[in-house]
There are 2 protein chains.
Amino acid sequence: MKFTISKSEFIKGLNIVSRAISTKTTIPILTGLKIIATNQSLILTGSDADISIETTIKASNPDNLLAVESEGAIVLPARFFTEIVKKLPEDTLTIEITDNFQTVITSGSASFTINGLDANNYPHLPEIDSSNSLPIAGDVLKQIISETIVAVSNQESRPILTGVHFTMDNENILAVATDSHRLSQRKVAMKQPFEHTYDFVLPGKSLSELSKMIDDSKDDILLSVTENQALFVIGETLFYSRLLEGNYPDTSRLIPDSFDTRVSFEASSLLATVERASLLSHESRNNVIKMIINPEDNSVTIYGNSPDVGVVQENIEPISLEGNQLEISFNPDYMKDALRSLSQTAINVDFTSALRPFTLMPTEDGESFVQLITPIRTF
Amino acid sequence: MKFTISKSEFIKGLNIVSRAISTKTTIPILTGLKIIATNQSLILTGSDADISIETTIKASNPDNLLAVESEGAIVLPARFFTEIVKKLPEDTLTIEITDNFQTVITSGSASFTINGLDANNYPHLPEIDSSNSLPIAGDVLKQIISETIVAVSNQESRPILTGVHFTMDNENILAVATDSHRLSQRKVAMKQPFEHTYDFVLPGKSLSELSKMIDDSKDDILLSVTENQALFVIGETLFYSRLLEGNYPDTSRLIPDSFDTRVSFEASSLLATVERASLLSHESRNNVIKMIINPEDNSVTIYGNSPDVGVVQENIEPISLEGNQLEISFNPDYMKDALRSLSQTAINVDFTSALRPFTLMPTEDGESFVQLITPIRTF
């Protein structure tokens, strides 16, 4: 194997596949990245067994300055190799494999010789039939992820809750996450009818990495799903993730369909108030703040209290307020996460009673996005 | 005590004194910051017993929007109080002490009540006579610090080496630091004759914090020194540091006054080459790289070798080369630190022999700044 390539374009590719490479893997060869050189392209692969990423650098794109002199494949230590490439002196570099997987990296007058591994020992990526793939606009997918991932559980006691549950039918994409204290649900209409149905749970960690790989363009990403794997095709890059096994709990009945008290807020001013109150609640053992809603004088007051440190009290002016008087306590961090994931400016907060979950929804198009928070009993 | 102040100007003051405040202190009251309100000004103080910082916010400066309604003093939990102030909703805030050192912070509709401590229990700052103070331009002091601090020892086995040794006579400021493997020495001529002499060792940690407080202006900083304290006056801010006790070793004879081999380099290209070679040396147990200087063909080659991982070799073109053939090994990190602290573009590296310390000096004005590195015996 011998090829020359643009340093900057090569680094872009290395950064993409490095997202999947962990130094903590129990499979030593997975600390490496695989490079395959063919006459037309370079294929880079990284994997941590849960996530695998493959990206192609094509010789036909003149920016890549890719010239493959002889084909071949190698696995190189990912972190160390990437550090070397980033430090090389010239705008291009040449990589050549000599005997015993020794790999010579040359750029200008600098010459590195590092020990590689036999690419035949690198695990095979899953084979996924992409004939039934579903196109999703990149910006929409990115938004769905950011809106639901906040509610994913990070407790391994119920592994299925560490993922986001996707259900896709002819018309809608429905994504739900819950850690059993709060829930986030997003519904998006398909651009065009999709003739298959999908029902799967993707690990939160995979979605978080996937999200970083998507720019804000509306370019379509192609999704294919098998029994235990999902494949996202993003331009020249393939992103594979294993699915979580097991049945996701039925969340469809958790969201109340009526309310006794509804308060509308500017999301940003409610967030600022809750952030201030949480400064105090974070200092106490119980991370709880209290909201008192008084329809008589159209007032909402937020309290935080930490006996050792002090108290905070703030009135926040609602846009509107209807229904019954209510005093409710909750974890301010759940409220902060929910408010930050909302890109809308005005929201409705709907309450049933002090001990029943309450919802946050955008004032406009509220059906499509619901955040649910379970209150905390303080008496 | 009751006063109103501009939030942004107050935050600037809090950030300044917070540099001295550590959460790890063994003296509980030092986790707090002291506020004294007088009719003319607010005085903020932070300290970790080694470093103390006091800054004054004057009512006479209209930007401060400072209005003191009643005088007084309080100690407030530094980190927590600063977090609260940063999150306040309006551009100004009011602070009022009520009974039992309870402190009420109000801004807009937000109201915090936090527990303060009696300011009478806060340690007194050292009293320093500043009539013999030495003016040093801020940018010069900042440069002296950055050039010498790299060679300060971080080993507590010889505490005196964890500081920088300053000697000031009528004409010069001399600053030296060494960790016994390398040494950095900077000499600066006084702008005007100074009639006293100073000889003291300032802790590296103090200098590092002091440096962050100095902007790049040429405004004078006033230095006063007592037996065990130094005071730097920077505008409205006083920076106190304890001095290290003990005798600093005599370093005046360590710097060789002749050389057998002299190589001139572009500092930036030597740095880039050493950085590349250190990628490999960092992977091996001995963090060593080798430089081979060959006057016959005017060549300099740098080698790094880590048996498990690979080898690196690079030719670097010197600006000039005179003297004898030499093969010398050293810790690349010392070389990197030395080269990064040099703001000059061209440097001379002067060698005596493979086992004797060698020096890096700016090609121009070499006398004023010397970095010395001890080589490593590899045979």
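Residues numbered from 1 in each chain as written. Chains lettered and ligands numbered in written order. Predicted model: local features only at pLDDT ≥ 70, side-chain atom pairs only at ≥ 80, totals over all residues. Heavy atoms only, no water.

Per an unreviewed UniProt entry, the recorded name for chain A is DNA polymerase III subunit beta, and the organism is Lentilactobacillus terminaliae.

Trainee: Tell me about the overall build of chain A, residues and numbers included.
Mentor: In terms of regular secondary structure, chain A is built from 6 helices and 26 strands. With the C-alpha coordinates aligned to their principal axes, the bounding extent of chain A is approximately 80 × 55 × 40 Å. Split into buried and exposed, the 379 residues of chain A put 53% on the buried side. Residue pairs in contact within chain A that sit at least 24 positions apart in sequence constitute 67% of those at least 6 positions apart. For chain A, the exposed area adds up to about 17,700 Å²; of that, 45% sits on carbon and sulfur atoms. Side chains of chain A give 29 positive and 50 negative charges; the mean places of these two sets differ by 5 Å. (Helix = DSSP H or I, 4+ residues; strand = E, 2+ residues; numbered from the N terminus. Buried < 20%, exposed > 50% of the residue type's maximum accessible area, 1.4 Å probe, protein only. Contact = heavy atoms within 4.5 Å. Areas by Shrake-Rupley, 256 points an atom, 1.4 Å probe, with all protein chains shown as cover. Lys, Arg positive; Asp, Glu negative; His and termini not counted. Charge placed at Lys NZ, Arg CZ, Asp CG, Glu CD.)

Trainee: Mind laying out the relation of the copies chain B and chain A, listing which residues take part and the relevant values?
Mentor: The pair of chain copies shares a relation made of a rotation about an axis and a shift along it. Least-squares fitting of chain B to chain A yields an RMSD of 0.0 Å, with the transformation described by 0.0 Å of translation along the axis and a rotation of 180 degrees. Expressed as an axis order, the relation between the two copies is that of a two-fold axis. By C-alpha distance to the rotation axis, the residue of chain B lying nearest is K24 of chain B, at 16 Å. When the interface residues of chain B are mapped onto chain A, 100% of them again fall at the interface, so both copies present the same face. (Least-squares fit on C-alpha atoms with pLDDT ≥ 70 in both.)

Trainee: Requested: an account of the interface of chain B and chain A, with residues and values cited.
Mentor: Between chain B and chain A, the residue contacts involve 28 residues of the former and 28 residues of the latter. Interface area for chain B against chain A, summed over the two sides, is near 2,400 Å², with a carbon-plus-sulfur share of 55%. Interface area lost by chain B to chain A is led by K87, R276 and L279 of chain B, which between them contribute 25%. Our enumeration of links across chain B and chain A arrives at 4 salt bridges. Taking the shortest distance from any N to any O, the salt bridge between R79 of chain A and E283 of chain B comes out at 3.4 Å. Linking chain B with chain A are 16 residue pairs in polar contact (both at pLDDT 80 or more). Mapped onto the side of chain B that touches chain A, the elements with two or more residues apiece are α2 (78-87), β9 (110-115), α5 (267-281) and β21 (310-316) of chain B. Here the residues of the side of chain B that touches chain A are counted per class, giving 13 nonpolar, 7 polar and 8 charged. Pairing geometry for strand β9 (residues 110-115) of chain A and β21 of chain B, over 5 bridges, is antiparallel. Within the sheet, the bridge partner assigned to F112 of chain A lies in β21 of chain B and is V312 of chain B. (Buried area = accessible area lost by both parts, 1.4 Å probe. Salt bridge = Lys/Arg side-chain N within 4 Å of Asp/Glu carboxyl O. Polar contact = N/O pair within 3.5 Å; in protein donor to acceptor, adjacent residues only side chain to side chain. Nonpolar A, V, L, I, M, F, W, Y, C, P; charged D, E, K, R; others polar. Pairing = 2+ DSSP bridges.)

Trainee: Run through the sheet that holds strand β5 (residues 67-70) of chain A, naming residues and quoting values.
Mentor: The strand order across the open sheet formed by 9 strands is β5(A)-β1(A)-β7(A)-β8(A)-β9(A)-β21(B)-β20(B)-β19(B)-β23(B), and the pairing between neighbours is antiparallel. Whereas interior strands pair on both sides, the edge strands pair on one side only; in this sheet they are β5 of chain A together with β23 (326-330) of chain B. Recorded for the sheet is a direction-independent mean angle of 15 degrees between the axes of neighbouring strands. In the sheet, strand β8 (residues 102-107) of chain A pairs with β9 of chain A via 6 bridges, with the strands oriented antiparallel. (Axes fitted to C-alpha atoms, helices over the stretch in contact; angles between N-to-C directions.)

Trainee: Could you give me a rundown of the pattern of salt bridges, with the residues and numbers involved?
Mentor: Taken as a whole and assessed by the stated rule, the structure comprises 42 salt bridges over all chains. Measuring nitrogen to oxygen at the nearest pair gives 3.7 Å for the salt bridge that ties E209 of chain A to R19 of chain A. Remark: R19 of chain A occurs in the loop between α1 (7-18) and β2 (32-37) and E209 of chain A occurs in helix α4 (residues 204-213); sequence separation between them is 190 residues. One salt bridge connects E314 of chain B with R276 of chain B, and the closest N-O pair in it is separated by 2.8 Å. Here the residue E314 of chain B occupies a position in strand β21, and R276 of chain B occupies one in helix α5, the gap between them amounting to 38 residues. Of the residues examined, R276 of chain B reaches a relative accessible area of 4% and is grouped as buried.

Trainee: An account of the packing of aromatic side chains is needed here, citing residue identities and associated values.
Mentor: The full count for this structure, using the stated rule, is 16 aromatic pairs over all chains. Geometrically, the ring pair formed by Y198 of chain B and F200 of chain B is edge-to-face, given 6.3 Å between the ring centres and 75 degrees between the ring planes. Taken as a pair, Y198 of chain B and F200 of chain B share a single burial class, namely buried. Considering the side-chain rings of F232 of chain B and F239 of chain B, the 6.3 Å spacing of their centres and the 65 degrees angle between planes classify their relative orientation as edge-to-face. Classification of F232 of chain B as buried rests on a relative accessible area of 3%. Here the guanidinium or amino end of K290 of chain A rests over the ring plane of Y303 of chain A, the centre of that ring lying 5.7 Å away. (Phe/Tyr/Trp six-rings, centres within 6.5 Å; stacked < 30°, edge-to-face > 60°. Lys NZ or Arg CZ within 6 Å of the ring centre and 35° of its normal.)

Trainee: Now, about the sheet that holds strand β26 (residues 369-373) of chain B: what can you tell me, with residues and values included?
Mentor: Residues and elements named next belong to chain B. Across the sheet, 9 strands lie side by side as β14-β11-β12-β13-β26-β25-β24-β18-β22; this open sheet has antiparallel pairing. In the strand order of this sheet, the two ends are held by β14 (198-203) and β22 (320-323), each with one partner. Strand-to-strand, the axes of this sheet are offset by a mean angle of 15 degrees, without reference to chain direction. Relative to β26, strand β25 (residues 358-362) is paired through 3 bridges, and the arrangement is antiparallel. What sits directly across from T359, in β26, is L372. On the sheet, helix α3 (residues 138-148) packs against β11 (163-168), β12 (172-178), β13 (182-189) and β26 and is oriented at approximately 165 degrees with respect to β13. Packed on one face of the sheet, helix α4 (residues 204-213) meets β11 and β14 and runs near 85 degrees to β14.

Trainee: So what's going on with the domain arrangement of chain A? Which residues, and what values?
Mentor: Residues and elements named next belong to chain A. Under the domain assignment used here, chain A contains domain 1 (2-121), domain 2 (134-242) and domain 3 (261-373). Computed from C-alpha atoms alone, the centre-to-centre distance between domain 2 and domain 3 is 28 Å. Residue-level contacts link 12 residues of domain 2 with 11 residues of domain 3. Summed over both sides, the interface of domain 2 with domain 3 buries roughly 1,100 Å², with 46% coming from carbon and sulfur. The interface formed by domain 2 and domain 3 holds 1 salt bridge in total. (Domains from an automatic or database assignment.)

Trainee: So what about the environment of Q40 of chain A? Which residues, and what values?
Mentor: Examined against the element boundaries, Q40 of chain A turns out to sit in the loop between β2 and β3 (41-47). Placed 239 residues apart in sequence, Q40 of chain A and L279 of chain A show a C-alpha to C-alpha distance of 57 Å.

Trainee: Kindly report on the environment of T4 of chain B, identifying the contributing residues and their values.
Mentor: Residue and element names in this part refer to chain B. Its place among the elements puts T4 in strand β1 (residues 2-6). In the structure, T4 is positioned 202 residues away from S206 in sequence and 32 Å away in space, judged by C-alpha atoms. Setting aside residues no more than four positions away along its own chain, T4 makes contact with L65, L66, A67, T92, L93 and T94. A polar side-chain atom of T4 sits 3.1 Å from a polar atom in the side chain of T94.

Trainee: I'd like a description of the side chain of T359 of chain B, backed by residues and values.
Mentor: Turning to its location among the elements, T359 of chain B is positioned in strand β25. In contact with T359 of chain B, other than residues within four places in its own chain, are I255, P256, N348, V349, D350, V370, Q371 and L372 of chain B.

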